[in-house]
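Structure at a glance
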There are 4 protein chains.
Amino acid sequence: MTNSRITAAQNQEIEDARSMTSVTRRTTVPAMEDLMYTMIPVLDHGYLRVIDYMGDDSAVIQAARTSYGRGTKHKQNDEGLIRYLLRHWHTTPFEMLEIKIAVKMPIITARQWIRHRHASVNELSARYSILDREFYVPDAKDLAAQSQTNKQGRGDLLTGEEATRVLDLLRDDANRNYDHYAWMLNEDQQGKIIDPNRKGLSRELARMNLTLATYTTWYWKVNVHGLMNFLRLRADHHAQYEIRVYAEVLLDIMRQWLPMTHNAFMDYRVNAISLSAQQIEAINMRLAGRDITPQNTSLTKREFDEMVASMPGLIKQA
Amino acid sequence: MTNSRITAAQNQEIEDARSMTSVTRRTTVPAMEDLMYTMIPVLDHGYLRVIDYMGDDSAVIQAARTSYGRGTKHKQNDEGLIRYLLRHWHTTPFEMLEIKIAVKMPIITARQWIRHRHASVNELSARYSILDREFYVPDAKDLAAQSQTNKQGRGDLLTGEEATRVLDLLRDDANRNYDHYAWMLNEDQQGKIIDPNRKGLSRELARMNLTLATYTTWYWKVNVHGLMNFLRLRADHHAQYEIRVYAEVLLDIMRQWLPMTHNAFMDYRVNAISLSAQQIEAINMRLAGRDITPQNTSLTKREFDEMVASMPGLIKQA
Amino acid sequence: MTNSRITAAQNQEIEDARSMTSVTRRTTVPAMEDLMYTMIPVLDHGYLRVIDYMGDDSAVIQAARTSYGRGTKHKQNDEGLIRYLLRHWHTTPFEMLEIKIAVKMPIITARQWIRHRHASVNELSARYSILDREFYVPDAKDLAAQSQTNKQGRGDLLTGEEATRVLDLLRDDANRNYDHYAWMLNEDQQGKIIDPNRKGLSRELARMNLTLATYTTWYWKVNVHGLMNFLRLRADHHAQYEIRVYAEVLLDIMRQWLPMTHNAFMDYRVNAISLSAQQIEAINMRLAGRDITPQNTSLTKREFDEMVASMPGLIKQA
Amino acid sequence: MTNSRITAAQNQEIEDARSMTSVTRRTTVPAMEDLMYTMIPVLDHGYLRVIDYMGDDSAVIQAARTSYGRGTKHKQNDEGLIRYLLRHWHTTPFEMLEIKIAVKMPIITARQWIRHRHASVNELSARYSILDREFYVPDAKDLAAQSQTNKQGRGDLLTGEEATRVLDLLRDDANRNYDHYAWMLNEDQQGKIIDPNRKGLSRELARMNLTLATYTTWYWKVNVHGLMNFLRLRADHHAQYEIRVYAEVLLDIMRQWLPMTHNAFMDYRVNAISLSAQQIEAINMRLAGRDITPQNTSLTKREFDEMVASMPGLIKQA
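Notes on the structure in this doc start here. Because the structure is predicted, anything quoted here is derived from the model rather than measured.

Rules used throughout
Residues numbered from 1 in each chain as written. Chains lettered and ligands numbered in written order. Predicted model: local features only at pLDDT ≥ 70, side-chain atom pairs only at ≥ 80, totals over all residues. Heavy atoms only, no water. Phe/Tyr/Trp six-rings, centres within 6.5 Å; stacked < 30°, edge-to-face > 60°. Helix = DSSP H or I, 4+ residues; strand = E, 2+ residues; numbered from the N terminus. Buried < 20%, exposed > 50% of the residue type's maximum accessible area, 1.4 Å probe, protein only. Lys NZ or Arg CZ within 6 Å of the ring centre and 35° of its normal. Pairing = 2+ DSSP bridges. Axes fitted to C-alpha atoms, helices over the stretch in contact; angles between N-to-C directions. Contact = heavy atoms within 4.5 Å. Least-squares fit on C-alpha atoms with pLDDT ≥ 70 in both. Buried area = accessible area lost by both parts, 1.4 Å probe. Salt bridge = Lys/Arg side-chain N within 4 Å of Asp/Glu carboxyl O. Nonpolar A, V, L, I, M, F, W, Y, C, P; charged D, E, K, R; others polar.

1. Description of the packing of aromatic side chains
- Inspection of every chain in the model, using the stated rule, returns 30 aromatic pairs over all chains.
- Their ring planes at 50° and their centres at 5.1 Å tell us that B:Trp220 and B:Phe230 sit as a pair that is tilted. Here the residue B:Trp220 occupies a position in strand β8 (residues 215-223), and B:Phe230 occupies one in helix α9 (residues 224-234), the gap between them amounting to 10 residues.
- Relative accessible area serves as the criterion here: at 1%, B:Trp220 is assigned to the buried category.
- For B:Phe230, a relative accessible area of 0% gives the class buried.
- Taken together, the ring pairs connect A:Trp113, A:Trp218, A:Trp220, A:Phe230 and A:Tyr246 into an aromatic cluster.
- Sitting over the ring of A:Tyr53, D:Arg26 keeps its end group 4.0 Å from the ring centre.

Here is the structure:
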């Protein structure tokens with residue numbers, strides 16, 4: 001698996017990094033220690049690697065209680081406090097924990113990801129370095145038509161000749177554009193000039209010829225408040241698949257790292273719903289024994305349907 | 001000029017917006033009122049338009065003095081205070097002013113611009129909309145080779161056949177990739193299906209086939225502290241030309257909008273230099289009558305040269 | 001009213017500022033023009049004044065649509081879009097609007113207010129200036145005992161001798177501490193030395209003797225996304241009364257300034273509730289005809305009660 | 001030492017926290033491991049304790065190089081890169097490191113500290129808890145008069161009767177106000193009601209009677225870019241002594257934690273100066289053999305003097 005994504009030399013660097021251990025007074029989480037530096041494959045050439053982390057569930061409690069020591073009490077009290085903090089939108093105790101990852105992803109994904117401003121990023125510079133010939137081509141199972149109902153969404157799968165043709169175009173155009181990028185640069189991966197009769201276009205210009213499917217790499221560091229904001233939007237089914245798969249990996253890492261915070265996050269954010277004043281009124285009508293419809297509740301059809309999706313009994317017989 | 005960048009209908013929208021005026025108690029700046037909504041062309045298809053602004057030089061003073069009224073005194077005192085604030089790295093009074101612009105720029109430029117996190121951005125979504133066939137092709141005079149001394153910089157101009165070939169490649173690849181983008185979408189600009197026998201690829205996937213030279217558009221709002229951070233890095237000669245031309249337009253807008261702050265910014269940031277402890281020591285050696293070299297000052301050659309570039313007398317005879 | 005809060009000279013500065021008008025192409029809101037600079041009294045010596053603003057409801061739409069012109073369509077479409085954006089946690093279009101206010105408030109209030117980091121602040125410096133003898137003494141109707149059920153809340157009113165004694169203590173201690181502050185400074189309000197035989201303690205030290213009831217003043221600028229975060233927490237009934245009264249004034253200003261955004265904010269935030277996964281399950285049980293209790297829904301009593309407070313039918317007969 | 005600042009029980013909590021160790025793959029720094037949880041006394045009742053940290057000098061390099069492994073090369077290259085990054089105002093690689101501390105400080109210090117917005121804070125809540133009888137009284141050697149030349153600065157020491165009287169006032173007022181705070185609360189430290197015939201004022205109101213010299217406690221987490229911004233302003237001799245002593249402790253921690261970054265920070269920030277366009281011109285005049293004065297260089301006297309303070313040869317005979 002790894003060899004299509006990283007070279008043997010890169011893999012050796014990772015193994016070397018993993019092999020060094022020290023003794024620390026800091027809070028450690030065995031599951032995170034296992035994960036550290038390990039490459040988790042995502043999409044056809046991407047990955048996500050945990051580089052460092054700071055804190056665990058107890059660090060939330062320690063800060064919330066402004067403790068002298070580690071700050072934890074009984075497991076049940078601690079979990080109750082974490083749930084209370086998350087439910088009441090306290091954010092600062094969750095800011096006390098950090099995670100740092102290395103990510104390789106298509107530029108279309110990076111362009112969505114970077115919109116989350118409360119994070120630190122160091123991206124591989126294509127002004128400075130020559131990018132590899134690596135670009136994202138969707139798996140046949142992810143090749144979706146435009147949704148007919150949601151302008152930002154996907155509909156049916158493409159199939160047959162159309163699917164084949166689309167995949168060929170994506171692959172051929174990305175390859176041809178990379179060929180021309182390499183020709184314009186006129187240098188090999190070590191920066192040596194290929195054709196001495198040509199000057200070669202500067203890297204900062206040549207990269208313009210690459211498609212948005214090209215892979216890029218960055219270090220990304222975020223605190224757990226920022227991470228939850230990211231996950232809430234990007235692990236959601238409305239998010240584009242090509243970023244959602246990264247968010248799902250991160251959500252699973254969070255589950256192993258911070259079991260209490262993760263549970264609270266699932267209950268109070270991911271699997272929660274927000275009811276508007278009008279939706280509360282509609283539920284009260286229903287509880288009072290009346291049938292409800294979009295019309296008699298002055299809700300838009302979409303708001304009505306979303307509510308019913310979570311509480312189907314609203315339109316069934318009591 | 002306008003017709004290569006915006007349509008007649010778009011131009012009409014701009015004219016309509018410009019034609020509405022009101023009376024206000026807010027501080028206004030005539031030069032900014034003139035600029036409002038007007039399209040300033042940048043690169044081959046880009047532009048920058050001022051959409052709104054808040055405050056003027058007096059608003060810096062008003063906040064710094066926590067005034068009851070407008071807060072200004074004599075022009076000379078006011079200018080002195082602004083210079084003092086900027087020199088001593090006071091940032092909050094400059095945060096009290098805002099500018100909002102609409103920008104059209106190549107995606108490579110947008111990717112650098114977005115790294116400035118202290119700003120608000122609304123970008124045209126290519127998940128939602130179909131992009132226009134507009135991409136950046138450098139002017140022949142900007143087609144630079146890779147610098148041989150600076151891995152991030154440009155060297156000589158490309159000329160002759162190599163230049164012609166590079167421009168052809170950039171243009172042809174961008175056009176071909178756009179053709180295939182349009183074919184994969186299978187919808188026209190109004191969203192009507194072209195070939196009823198095909199489903200059409202979703203917009204969020206099809207856009208992957210576009211090159212990084214493609215133009216995008218956004219609204220960008222920033223306060224003057226953030227603006228100066230942006231200008232300091234991006235109006236600098238180390239910045240890539242394709243973002244520097246936008247920064248230079250913004251710097252000129254700042255000059256018209258905030259003459260006092262602009263002057264102080266030029267004197268204390270743009271045309272200022274920071275001397276390290278070692279560079280101060282080197283100047284002191286020179287003032288004591290000794291000749292200085294990178295070797296006897298323990299400066300890197302680059303630090304030595306940068307210092308001498310600003311103060312050539314350091315290595316001439318006094 | 002004004003004379004207990006601002007001097008005649010300060011009032012004249014405000015009147016002068018109000019009297020200047022200009023013509024602008026920027027969006028204006030008549031209600032905000034009326035408010036500009038006017039002092040709105042809060043608590044016994046505090047105030048809130050609107051100093052500047054940028055944008056109106058249409059500016060949200062303009063940015064969300066990345067428009068060429070002002071961007072608005074039919075009023076109903078515009079309102080629908082604003083409601084959609086707020087419901088789906090889109091934040092950047094609301095960041096495109098700004099408000100700047102001057103506020104005078106007790107230091108205890110300022111200490112809570114400053115925790116909102118996404119804002120710009122210029123506070124009157126007591127290192128530099130001498131503070132006025134102004135401190136907050138609660139009105140008898142706000143003199144609450146500690147709540148017996150909520151460690152952060154207020155319970156019954158204090159009455160009788162205890163109330164009188166508390167008010168006397170607060171007033172006398174603040175006055176005595178101010179007397180000593182003034183004596184230690186040994187300068188009058190114009191900075192002239194009073195007793196030539198004493199040096200006078202530096203301002204930055206002397207201010208330590210003041211109580212947390214002392215009034216301070218600042219300029220505060222925030223975008224509407226930040227404003228809504230502030231209002232959501234501080235206009236809430238859990239907020240301390242001494243900051244809530246300021247938040248309520250701001251909420252009313254928002255109502256006049258941005259009627260569509262304000263309505264959506266009331267419906268989707270202020271008067272909305274968030275239901276956890278467990279609460280949704282509880283409602284579904286009830287809709288299926290079963291009685292629900294904290295015990296059979298695995299909700300804490302507090303979560304159960306909060307839900308029932310919004311939807312009393314949950315525990316009544318259907 | 002510790003007993004005037006923390007109780008035996010608190011000390012035990014710290015010792016317990018220190019005694020737990022684990023094995024980790026994360027980068028550790030022995031000097032930081034030694035420091036962890038240990039109380040460093042500051043002022044008369046304050047302290048600073050390191051609670052956690054993430055990264056070391058090599059983490060700056062790892063991110064700047066977007067490495068696969070730990071990313072370091074030869075020590076000399078690494079140091080050169082760190083110096084380059086700092087000199088050229090690259091900020092993101094320094095954001096990849098974090099430090100978390102617990103701090104006890106007077107409220108006047110906390111009010112200055114909180115202005116640094118790029119940090120995470122959890123403060124002990126006096127709405128929720130009862131504060132201890134602890135307030136800052138300056139040491140006799142720090143009891144400075146108002147500066148006659150700098151409105152924000154300190155001048156000569158107070159001495160004799162005036163000093164005695166000032167210290168008495170500060171101590172007596174703080175004590176009396178605390179007595180009345182305790183009386184108004186009508187509860188002991190365990191929250192038990194003292195006088196059953198009184199209700200007791202709510203904590204959120206009673207705290208108003210405390211002076212700004214009262215100690216408060218918080219957890220503070222910041223990345224190294226934010227830390228350097230804090231240190232640049234607060235370890236500077238213009239900073240108020242009561243925050244500078246904390247900054248100096250942090251600067252010393254940084255020296256032990258990040259020796260390379262600390263050295264670069266001292267050379268390029270703390271011991272560096274920024275020369276304005278006019279100051280550069282003045283130095284060039286001097287290097288050309290002319291005498292310079294504030295008048296013939298169009299510098300303010302202060303700017304002239306600051307420059308000469310760093311480079312005395314500017315006004316001596318060459």
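Okay, back to it.
2. So, the sheet that holds strand β4 (residues 98-106) of chain B
All names here are of chain B.
- Pairing in this open sheet of 5 strands is antiparallel, and the strands run β2-β3-β4-β8-β5 from one edge to the other. Every other strand in the sheet has two partners, leaving β2 (39-42) and β5 (120-123) as the edge strands with one partner each. The sheet shows a mean angle of 20° between the axes of neighbouring strands, direction not considered.
- For β4 and β8, the ladder comprises 9 bridges, and the chain directions are antiparallel. Bridge pairing links lysine 100 to lysine 221 in β8.
- On top of the sheet, α9 reaches β4 and β8; it is set at about 125° to β8, its chief contact.
- Set on the sheet, helix α10 (residues 241-257) makes contact with β2, β3 (46-54), β4 and β8; between it and β3 the angle comes to about 30°.

3. Some details on the relation of the copies chain C and chain D
- Mapping chain C onto chain D calls for a rotation angle of 180° and an axial translation of 0.0 Å; the resulting RMSD is 0.0 Å. Here the copies are linked by what is in effect a two-fold axis. Of every C-alpha in chain C, the one belonging to C:Thr211 sits nearest the axis of rotation, 2.0 Å from it.
- Same-surface contact between copies: 100% of interface residues of chain C are shared with the interface of chain D.

4. A closer look at the interface of chain C and chain D
- Listed by partner, the interface residues are 62 residues for chain C and 62 residues for chain D.
- When the two sides are added together, the surface that chain C and chain D hide from each other amounts to roughly 5900 Å², 54% of it contributed by carbon and sulfur.
- Three residues stand out in chain C for area buried against chain D, namely C:Arg127, C:Lys199 and C:Met208, and they jointly supply 13% of the buried area on that side.
- In this structure, the connection of chain C to chain D is made through 6 salt bridges.
- One salt bridge connects C:Glu162 with D:Arg198, and the closest N-O pair in it is separated by 3.4 Å.
- Broken down by secondary-structure element, the contributors of at least two residues to the side of chain C that touches chain D are α6 (107-113), β5 (120-123), β6 (144-146), β7 (154-157), α7 (160-185), α8 (203-206) and α10 (241-257) of chain C.
- The element best represented in the side of chain C that touches chain D is α7(C), accounting for 11 residues.
- Looking at the side of chain C that touches chain D, its residues break down into 27 nonpolar, 15 polar and 20 charged.

5. Some thoughts on the pattern of salt bridges
- Under the defined criterion, the tally for this structure stands at 100 salt bridges over all chains.
- Note that A:Arg117 and C:Glu95 form a salt bridge whose closest N and O atoms lie 2.7 Å from each other. Taken as a pair, A:Arg117 in the loop between α6 (107-113) and β5 (120-123) and C:Glu95 in helix α5 (residues 92-95) lie in two separate chains rather than in one.
- A:Glu187 is the partner of A:Arg203 in a salt bridge, and the nearest nitrogen-oxygen pair spans 2.7 Å. Of the two residues, A:Arg203 is situated in helix α8 (residues 203-206) and A:Glu187 in the loop between α7 (160-185) and α8; the sequence distance between them amounts to 16 residues. Here the two residues A:Arg203 and A:Glu187 agree in accessibility, since each one is buried.
- Residues joined by salt bridges that share partners form a network here, namely A:Arg87, C:Arg302, C:Glu303 and C:Glu306.

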